[in-house]
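Structural overview
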Amino acid sequence: AQSVAQPEDQVNVAEGNPLTVKCTYSVSGNPYLFWYVQYPNRGLQFLLKYITGDNLVKGSYGFEAEFNKSKTSFHLKKPSALVSDSALFFCAVRDGGAQKLVFGQGTRLTINP
Amino acid sequence: DAGITQSPRYKITETGRQVTLMCHQTWSHSYMFWYRQDLGHGLRLIYYSAAADITDKGEVPDGYVVSRSKTENFPLTLESATRSQTSVYFCASSADRGHGTQYFGPGTRLLVL
């Protein structure tokens, strides 16, 4: 079965510093990987996805993610964090052909002014 | 562009009562999904539907019933609510063709007393 793991429950970063939110995956076949963000009292918003091609994927709000097949990782990054980036982030992988997604447990990102 | 909406946004009910959560999408997406979000569990899939009149169980279907008579609607019913069903419920939809990107509604916060 497909799965993803987010090894950090919480990440704290100072404003202006680069940020990384980690995700590793386990799949059979080629992975379809996603990042979502959830702001307080809101639904999940799609940030970006990796399907094939360039290992660096750019998404919304200045976020990008790096796909690394040898390390089975799909880490989310941003060069310079903003306080408004504080949110809950979920990594997900598509599970087979039924358009289902399997989500990680989530990582709470806090950007300190 | 209404997108995907859920109603009610907040609901308080009592143990043993029947509750129906509504989900409506305006994109004509084939796939629709119901998740619950609980602390420590991330998002867990309850039921999903590939098209009108086609539904299937997800990871945690017990105690829930779904139907999909129209493409745009996907109601979730708790036939006899229990306290363990206190949660935040999210509906999502996904196009038939594509890589599985799901778009989420704003959520329904349900409290079962």
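The structure we're discussing is the one just above.
The text that follows walks through the structure, step by step, so that each part is easy to find. These numbers come from a predicted model, not from an experiment.

**Observations concerning the interface of chain A and chain B**
The interface of chain A with chain B comprises 22 residues on the first partner and 25 residues on the second. Summed over both sides, the interface of chain A with chain B buries roughly 1,700 Å², with 52% coming from carbon and sulfur. On the chain A side of the interface with chain B, the three residues burying the most area are Leu44, Gln99 and Lys100 of chain A, jointly 31% of the side's total. Our count for the chain A to chain B interface comes out at zero salt bridges.

**Some points on the pairing of strand 12 (residues 107-112) of chain A**
Residue and element names in this part refer to chain A. Here strand 12 shows one buried face, formed by Thr107, Leu109 and Ile111, and one open face, formed by Arg108, Thr110 and Asn112. Pairing analysis gives five bridges linking strand 2 (residues 10-14) to strand 12, with the strands arranged parallel. Note on strand 12: the bridge partner recorded for Asn12 is Thr110. As defined by bridge partners, strand 10 (residues 87-95) adjoins strand 12 across three bridges and the pair is classed as antiparallel. Residue pairing across strands places Phe89 opposite Thr107, the latter belonging to strand 12.

**Observations concerning the packing of aromatic side chains**
Residues and elements named next belong to chain A. Scanning the entire structure with this criterion turns up 19 aromatic pairs over all chains. Residues Tyr36 and Phe103 carry aromatic rings whose centres are separated by 5.8 Å and whose planes lie at 55° to one another, so their mutual orientation is tilted. You can see Tyr36 sitting in strand 5 (residues 33-38) and its partner Phe103 sitting in strand 11 (residues 100-103), a full 67 residues away along the chain. Classification of Tyr36 as buried rests on a relative accessible area of 0%.

**Quick word on the environment of Phe63 of chain A**
Residues and elements named next belong to chain A. Among the structural elements, Phe63 can be located in the loop between strand 7 (56-58) and strand 8 (64-68). For the pair Phe63 and Leu47, spaced 16 residues apart in sequence, the C-alpha to C-alpha distance is 7.6 Å. Discounting residues that sit within four places of it in the chain, Phe63 has contacts with Leu19, Leu47, Leu48, Val57, Lys58, Leu76, Lys77, Lys78, Asp85 and Phe89.

**What about a nonpolar patch on the surface?**
Judged by side-chain polarity, Ile12, Leu111 and Leu113 of chain B come together as a nonpolar surface patch covering roughly 290 Å² of accessible area. Tracing the chain through its elements places Ile12 of chain B in strand 2 (residues 10-13).

**Digging into the layout of surface pockets**
Reported here for the largest pocket is a volume of approximately 590 Å³. Forming the walls of the largest pocket are 28 residues, and the residues nearest its centre are Gln38, Leu88 and Arg108 of chain A together with Gln37 and Leu39 of chain B. Listing elements by their share of the lining of the largest pocket, those giving two or more residues are strand 10 of chain A together with strand 4 (31-38), strand 9 (87-94) and strand 11 (108-112) of chain B. Counted by class, the lining of the largest pocket contains ten nonpolar, twelve polar and six charged residues. In this model, the second largest pocket occupies a volume close to 260 Å³. Forming the walls of the second largest pocket are 16 residues, and the residues nearest its centre are Leu101 and Val102 of chain A together with Leu43, Leu45 and Glu59 of chain B. Counting residues per element, the lining of the second largest pocket draws most heavily on strand 11 of chain A, which supplies four residues.

**So, the environment of Glu14 of chain B**
All names here are of chain B. Looking at the element boundaries, Glu14 is found in the loop between strand 2 and strand 3 (19-25). Taking C-alpha positions, Glu14 is 9.2 Å from Ser80, a pair spaced 66 residues apart along the chain. If sequence neighbours within four positions are ignored, Glu14 has contacts with Ala81, Val112 and Leu113.

**Remarks on the sheet that holds strand 1 (residues 4-7) of chain B**
Backbone hydrogen bonds hold the strands of a sheet together, and the pairing may be parallel or antiparallel. Residue and element names in this part refer to chain B. Pairing is antiparallel across the open sheet formed by four strands, whose spatial order is 1-3-8-7. Of all strands in the sheet, those bounded by a partner on one side alone are strand 1 and strand 7 (64-66). Mean inter-strand twist for the sheet, computed between neighbouring axes without regard to direction, equals 20°. Pairing of strand 7 with strand 8 (residues 76-78), which is carried by three bridges, proceeds in the antiparallel orientation.

**Here's the deal with the state of the cysteines**
Within the structure shown, the criterion is met by two disulfides over all chains. Between the sulfur atoms of Cys23 of chain A and its disulfide partner Cys91 of chain A the distance amounts to 2.0 Å. Taking the sign of the torsion about the S-S bond as the criterion, the disulfide between Cys23 of chain A and Cys91 of chain A, at about -65°, is left-handed. Here Cys91 of chain A lies in strand 10 and Cys23 of chain A lies in the loop between strand 3 (19-21) and strand 4 (24-26), a separation of 68 residues in the sequence. For the pair shown, Cys23 of chain A and Cys91 of chain A are each scored as buried. What pairs with Cys23 of chain B in a disulfide is Cys91 of chain B, and their sulfur atoms sit 1.8 Å apart. Across the disulfide from Cys23 of chain B to Cys91 of chain B, rotation about the S-S bond amounts to roughly -75°, and the bridge is consequently left-handed. In this pair, Cys23 of chain B sits in strand 3 while Cys91 of chain B sits in strand 9, placing the two residues 68 residues apart along the sequence. Taking the relative accessible area as the measure of exposure, Cys91 of chain B reaches 0% and is therefore buried.

Calculation criteria
Residues numbered from 1 in each chain as written. Chains lettered and ligands numbered in written order. Predicted model: local features only at pLDDT ≥ 70, side-chain atom pairs only at ≥ 80, totals over all residues. Heavy atoms only, no water. Contact = heavy atoms within 4.5 Å. Buried area = accessible area lost by both parts, 1.4 Å probe. Salt bridge = Lys/Arg side-chain N within 4 Å of Asp/Glu carboxyl O. Buried < 20%, exposed > 50% of the residue type's maximum accessible area, 1.4 Å probe, protein only. Helix = DSSP H or I, 4+ residues; strand = E, 2+ residues; numbered from the N terminus. Pairing = 2+ DSSP bridges. Phe/Tyr/Trp six-rings, centres within 6.5 Å; stacked < 30°, edge-to-face > 60°. Patch = residues over 30% accessible without salt bridge, like charges linked within 9 Å, V, L, I, M, F, W, Y side chains within 5 Å. Areas by Shrake-Rupley, 256 points an atom, 1.4 Å probe, with all protein chains shown as cover. 1 Å grid on protein atoms, 1.4 Å probe; cavity = no way out; pocket = protein on both sides within 12 Å on 5 of 7 lines; lining within 4 Å. Points joined across faces, edges and corners; volume = space filled by probe spheres on them. Nonpolar A, V, L, I, M, F, W, Y, C, P; charged D, E, K, R; others polar. Axes fitted to C-alpha atoms, helices over the stretch in contact; angles between N-to-C directions. Disulfide = S-S within 2.5 Å.

The analysis is restricted to geometry; functional conclusions fall outside its scope.
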